[in-house]
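Given next are the chains, with one letter for each unit.
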Amino acid sequence: MKSFESYISKYLVSFVAFILILLFLNAVVFGLTFQKIVTEDYGDSSPQSMLEMTATAATPEQLSDEAVQMLRQNHIWAIYLNTAGQCYWSVDLPDNVPKNYTIQDVALFSKGYIEDYPVFIWNTDDGLLVLGYPTDSYTKLTSNFYSIAALQRLPIFVLGMLGLDVLCLFSAYYFSKRRIIHNTEPIVSAVETLADGKPVSLHISGELSEIASSVNKASSILNRQNEARANWISGVSHDIRTPLSMIMGYAGRIAESEAASKSIREQAEIVRKQSVKIKELVQDLNLVSQLEYEMQPLHKEMVRLSKLLRSYVADLLNTGISDSYNIGIKITPDAENAVLECDARLISRAVNNLVQNSMKHNPQGCEIGLSLTASQSHLILAVTDNGTGLSAEKLQELEEKPHYMESTDERLDLRHGLGLLIVQQVAAAHNGSFKLTNVFPKGCEATLIFPYIG
């Protein structure tokens, strides 16, 4: 679920970054678009600059030629009024613009227009300088009064509204994210469960009901396939058991018969041994299938693992194993009385598979050690041998696919890796883990790690 939250957060960050980039591009486009206009409005040809330049060059008698030329270059007309409103002189005055004004006329046009021409004024010692611009050049606000209280509240209002907008956006994101996660979390969890091969059942209404229905349908199909596969394996195992027992029985009789030749007895013994291996393979295959699809019921009880290991080693030695194998056991004091809730039969099966695996891969003999250690959070059960160990390629193959199958060789020696898969599944069924490593200077160590509270 954390990955899904990261997915949403990643796209939120991408969205914010996109907005910032978009704002930056807007600022650049705005600058390129209005650069010339802003330069003109606040440059040498701005109303303020032209008023200052003209007022400096003006007298009641005339205006300098340079000033007149500058006004004409910018399509500006000018009129200079005395204190009585009479015209001293004018430059390019339009025909519809009067030359004489009353005090009321001055009050009206001083902040606005004369005959739709936007005008700007400059007060001098001798009178009033008026510059008129083309009708399509500027617009002026004639109602230029504002409340001081409104101006004082404006920054607080802008900051408050900006903060409120940010809070609203964050709240919208937060609650929408929560709603999305709430609606999709069951589906994501169901897909993850389905990927582990376990059945799921979703009950979701609304827009996502179709997706939930599809997940339930896929789960149903997968469950039926798994059940069919497990039932098929179980049925085949059951059907093979009877004829295989007959083959083993007849082969055993032939191998022990004095009437048969030595060659026939040897071949019969080979048939009997290979039949035993086929029987073990079928049993392993059936157990793997039951564990994989959780059809194997676990009979958990509180088990003292030190006692279980000692009992196993005693039973193993009583079976009469070859003298080339030395079996040892080491239990640390902190693990002596450690108790684990587990299925004792499956734990013993896993330990036996590891011991038999060491024997199988070291036919010349080796030392096999069983150890049990405990910590505050784990119980560690290890089976170690000082045999040939595993090549890097074989170790990687077992890590990637511990249930590999090898074909029969010329001696009809069937070998399989289902034993290690059973160990892995037994560990998983007890919420534990399984690890296989080489040890220095030679040998191999298989470790079962179970969660434990000491």
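The shown structure was predicted, so the numbers you read here are calculated from the model rather than taken from an experiment.

> So what about the overall build of the chain? Which residues, and what values?
When its secondary structure is counted, the chain shows 11 helices and 12 strands. The buried share of the chain, reckoned over its 454 residues, is 33%. The contacts of the chain with a sequence gap of at least 6 include a subset with a gap of at least 24, amounting to 59%. A total accessible area of about 29000 Å² is found for the chain, and carbon and sulfur atoms account for 57% of it.

> How would you summarise the packing of helix H2 (residues 47–57) against helix H3 (residues 65–73) if you had to cite specific residues and measurements?
Contact geometry for H2 and H3: axes closest at 9 Å, N-to-C directions at 155°. Put simply, H2 runs roughly antiparallel to H3. Relative to H3, H2 is oriented so that their crossing is left-handed. Only Ala67, Met70 and Leu71 of H3 make contact with H2, whose side of the interface consists of Met50, Met53, Thr54 and Ala57. Partitioned by chemical class, the residues of the contact of H2 with H3 number six nonpolar, one polar and no charged.

> An account of unusual backbone geometry is needed here, citing residue identities and associated values.
In this structure, Asp116 takes a positive phi of about 70° despite not being glycine. Structurally, Asp116 can be placed in the loop between strand E3 (113–114) and strand E4 (117–123). Its relative accessible area of 59% is what places Asp116 among the exposed residues. In this structure, Asn431 is a non-glycine residue whose phi angle is positive, near 60°. Mapped onto the secondary structure, Asn431 falls in the loop between helix H11 (418–429) and strand E11 (433–438).

> If you had to explain empty space enclosed by the protein to someone new, which residues and values would you point to?
Under the counting rule described, the total for this entry stands at one cavity of 30 Å³ or more. Taken as a whole, the largest cavity spans an internal volume of roughly 150 Å³. Taken together, 14 residues make up the lining of the largest cavity; nearest its centre are Asn357, Ser358, His361, Asp385 and Cys444. Mapped onto the lining of the largest cavity, the elements with two or more residues apiece are helix H9 (344–360), strand E10 (378–385) and strand E12 (444–451). Looking at the lining of the largest cavity, the element that brings in the most residues is H9, giving three residues.

> Talk me through the packing of aromatic side chains; I want residue IDs and the actual numbers.
In the structure shown here, the tally under the stated rule is nine aromatic pairs. Ring geometry for Tyr80 versus Trp89: centroids 5.4 Å apart, planes at 55°, classification tilted. In this pair, the class of Tyr80 matches that of Trp89, namely buried. On the numbers, 5.3 Å between centres and 75° between planes, the contact of Tyr174 with Phe175 is edge-to-face. Over the ring of Phe120 we find Lys140, and its NZ or CZ is 4.4 Å from the ring centre.

> So what's going on with the side chain of Thr332? Residues and values would help.
Position of Thr332 among the secondary structure elements: in the loop between strand E7 (325–331) and strand E8 (339–342). Setting aside its immediate chain neighbours within four residues, Thr332 contacts Leu372, Thr373 and Ala374.

> Describe H9, and please don't skip the residues or the numbers.
In this model, H9 (17 residues) spans 24 Å end to end at C-alpha, consistent with the 24 Å of a helix rising 1.5 Å per residue. Where H9 begins, one side-chain oxygen reaches toward the backbone nitrogen of Arg345, 3.1 Å away; that side chain belongs to Asp343.

> Please set out the pattern of salt bridges residue by residue, giving values where relevant.
By the definition in use, this model includes four salt bridges. With a closest N to O distance of 2.6 Å, Arg272 and Glu269 form a salt bridge. With Arg272 and Glu269 both in helix H7 (residues 262–292) and three residues apart, the pair spans about one turn of that helix. The partly exposed category is assigned to Arg272, whose relative accessible area is 28%. Across the pair Glu336 and Arg304 runs a salt bridge, and its minimum N-O distance is 3.6 Å. Here Glu336, found in the loop between E7 and E8, pairs with Arg304, found in strand E6 (residues 301–304); they are 32 residues apart in sequence, far enough to count as distant. Take Glu336: its relative accessible area is 22%, and that puts it in the partly exposed class. Judged by its relative accessible area of 34%, Arg304 is partly exposed. Here the salt bridges share partners, and the residues they tie into one network are Arg304, Arg310 and Glu336.

> I'd like a rundown of a nonpolar patch on the surface, residues and numbers included.
Taken together, the side chains of Ile148, Leu151, Leu154, Phe157, Val158, Met161, Leu164 and Leu167 define a hydrophobic patch exposed on the protein surface, amounting to about 750 Å² of accessible area. Position of Leu164 relative to the elements: it lies in helix H5 (residues 148–195).

> Outline the sheet that holds E3, supporting the account with residue identities and numerical values.
Read across the sheet, five strands follow the order E2-E1-E5-E4-E3 without closing on themselves; strand pairing throughout is antiparallel. Unpaired on one side and paired on the other, strand E2 (87–91) and E3 mark the two borders of the sheet. Where E3 and E4 come together, two bridges link them in antiparallel fashion. Bridge pairing links Ile114 to Tyr117 in E4. The strands touched by H2 are E4 and strand E5 (128–132); relative to E4, the strand with the most contacts, the crossing angle is about 50°.

> An account of the pairing of strand E9 (residues 366–374) is requested, with residue identities and associated values reported.
Regular strands place their side chains on alternate faces of the sheet. Here E9 shows one buried face, formed by Cys366, Ile368, Leu370, Leu372 and Ala374, and one open face, formed by Glu367, Gly369, Ser371 and Thr373. Here E7 pairs with E9 via seven bridges, running parallel. In the strand pairing of E9, Tyr325 is matched with Cys366. One ladder, built from seven bridges, connects E9 with E10; its direction is antiparallel. Following the sheet pairing, Thr373 is matched in E10 by Ile380.

Calculation criteria
- Residues numbered from 1 in each chain as written.
- Predicted model: local features only at pLDDT ≥ 70, side-chain atom pairs only at ≥ 80, totals over all residues.
- Heavy atoms only, no water.
- Helix = DSSP H or I, 4+ residues; strand = E, 2+ residues; numbered from the N terminus.
- Buried < 20%, exposed > 50% of the residue type's maximum accessible area, 1.4 Å probe, protein only.
- Contact = heavy atoms within 4.5 Å.
- Areas by Shrake-Rupley, 256 points an atom, 1.4 Å probe, with all protein chains shown as cover.
- Axes fitted to C-alpha atoms, helices over the stretch in contact; angles between N-to-C directions.
- Parallel < 35°, antiparallel > 145°, perpendicular 65-115°, else oblique.
- Left-handed = near helix turned anticlockwise from the far one by under 90°.
- Nonpolar A, V, L, I, M, F, W, Y, C, P; charged D, E, K, R; others polar.
- 1 Å grid on protein atoms, 1.4 Å probe; cavity = no way out; pocket = protein on both sides within 12 Å on 5 of 7 lines; lining within 4 Å.
- Points joined across faces, edges and corners; volume = space filled by probe spheres on them.
- Phe/Tyr/Trp six-rings, centres within 6.5 Å; stacked < 30°, edge-to-face > 60°.
- Lys NZ or Arg CZ within 6 Å of the ring centre and 35° of its normal.
- Expected span 1.5 Å × (residues − 1).
- Polar contact = N/O pair within 3.5 Å; in protein donor to acceptor, adjacent residues only side chain to side chain.
- Salt bridge = Lys/Arg side-chain N within 4 Å of Asp/Glu carboxyl O.
- Patch = residues over 30% accessible without salt bridge, like charges linked within 9 Å, V, L, I, M, F, W, Y side chains within 5 Å.
- Pairing = 2+ DSSP bridges.

These figures capture arrangement, not role.
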